[in-house]
Amino acid sequence: MGTGRVLLCSLLILSLRLGLTRGPGVWGAPVAEEELRGTPRLQLGARPRRALATPCQLWSLSLPVAELGLGYASEETVVFRYCAGSCPRDARTQHGLTLAHLRGQGRAHGGPCCRPTRYTDVAFLDDHHRWQWLPQLSAAACSCGA
């Protein structure tokens, strides 16, 4: 009985550290800097905004492991963080200047991309009671790059 309690407490602590809770909406919610430092920010009654209508930032979704699309069987829920949003088209590098020039001539497509600059690992318990470790699954920071 003592071993079971230790295991249950360990799972509870791990789920709290990983933030295994249901989040709002299909698009997820932006991650506040306080959340990355461990201080959750309450947003009572807040509706999620569309990711592409905002500047490049970190977003968060609580997903069942099966919805990750990686083939794992688990009833666990994990927090998946990703980057989304718009990036300014102002050029800050030689590459950006050249790309803007070529876009203006119709010779290049696209623009700066919102993408992860750092990642975090995610762990969960599968249906066979084995820990699965997914390195670099979630974004930890975002930035625009041309």
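Residues numbered from 1 in each chain as written. Predicted model: local features only at pLDDT ≥ 70, side-chain atom pairs only at ≥ 80, totals over all residues. Heavy atoms only, no water.

Under an unreviewed UniProt entry, the name given to the protein chain is Persephin, and the organism recorded is Mustela putorius furo. You can read under Subcellular location (unreviewed entry) in the UniProt record for the protein chain the words "Secreted". Turning to the protein chain, the UniProt record has this under Subunit (unreviewed entry): "Homodimer; disulfide-linked. Interacts with GFRA4 coreceptor and RET: forms a 2:2:2 ternary complex composed of PSPN ligand, GFRA4 and RET receptor." (UniProt positions renumbered as here; feature names shortened; annotations may be inferred.)

A. Geometry of the overall build of the protein chain. Helix and strand counts for the protein chain stand at 3 helices and 5 strands. Starting at the N terminus, the α and β elements of the protein chain follow one another as α-β-α-β-β-α-β-β. Burial analysis of the protein chain (146 residues in total) assigns 32% to the buried set. A sequence separation of at least 24 residues applies to 61% of the contacts in the protein chain between residues at least 6 apart. (Helix = DSSP H or I, 4+ residues; strand = E, 2+ residues; numbered from the N terminus. Buried < 20%, exposed > 50% of the residue type's maximum accessible area, 1.4 Å probe, protein only. Contact = heavy atoms within 4.5 Å.)

B. Quick look at helix α3 (residues 94-104). Every buried residue of α3 is listed here: Gly 96, Leu 99 and Arg 103. Angular distribution of buried residues about the axis of α3 spans 65°; they occupy a single face of the element. Seen from the open side of α3, the exposed residues pointing more than 90 degrees away from its buried face are Gln 94 and Gly 104. Residue Gly 106 follows α3 closely and has a positive phi angle near 75°. (Arc of directions from axis to C-beta.)

C. Up close: the state of the cysteines. Counted under the stated rule, the structure contains 3 disulfides. Across a sulfur-sulfur distance of 2.1 Å, Cys 56 and Cys 114 are joined as a disulfide pair. Because the sign of the S-S torsion sets the handedness, a value of about 75° for the bond joining Cys 56 and Cys 114 places this disulfide among the right-handed ones. Remark: Cys 114 occurs in strand β4 (residues 113-125) and Cys 56 occurs in the loop between α2 (33-36) and β2 (57-64); sequence separation between them is 58 residues. Of the residues examined, Cys 114 reaches a relative accessible area of 18% and is grouped as buried. (Disulfide = S-S within 2.5 Å.)

D. Highlighting the pairing of strand β5 (residues 131-145). Judged from the 11 bridges that link them, β4 and β5 form a sheet pairing that is antiparallel. Counterpart to Ala 123 in the pairing with β5 is Trp 133. (Pairing = 2+ DSSP bridges.)

E. A look at the environment of Arg 130. The topology assignment puts Arg 130 in the loop between β4 and β5. Among the residues examined, Arg 130 registers a relative accessible area of 47% and is labelled partly exposed. The contacts of Arg 130, once residues within four sequence positions are left out, are Phe 124 and Leu 125.

F. Geometry of the confidence of the model for the protein chain. When pLDDT is averaged along the protein chain, the result is 75; 64% of the residues meet or exceed 70. Mean pLDDT values over the elements of the protein chain span from 47, in helix α1 (residues 2-18), up to 96, in strand β3 (residues 77-84). Note on residues 4-9: pLDDT under 50 across the span, and 0 contacts to partners over four residues away in sequence or across chains. Long-range and interchain partners of residues 37-52, a stretch whose pLDDT sits below 50, account for 21 contacts in this model, where long-range means more than four residues apart. (pLDDT = per-residue confidence, 0-100.)

G. Main features of unusual backbone geometry. Residues other than glycine seldom take positive phi values, yet His 129 does so here, at roughly 60°. Along the chain, His 129 turns up in the loop between β4 and β5. The class for His 129 is exposed, based on a relative accessible area of 66%. A positive phi angle is found at Gln 136, which is not glycine, with a value near 55°. Secondary-structure assignment places Gln 136 in strand β5. Take Gln 136: its relative accessible area is 55%, and that puts it in the exposed class.

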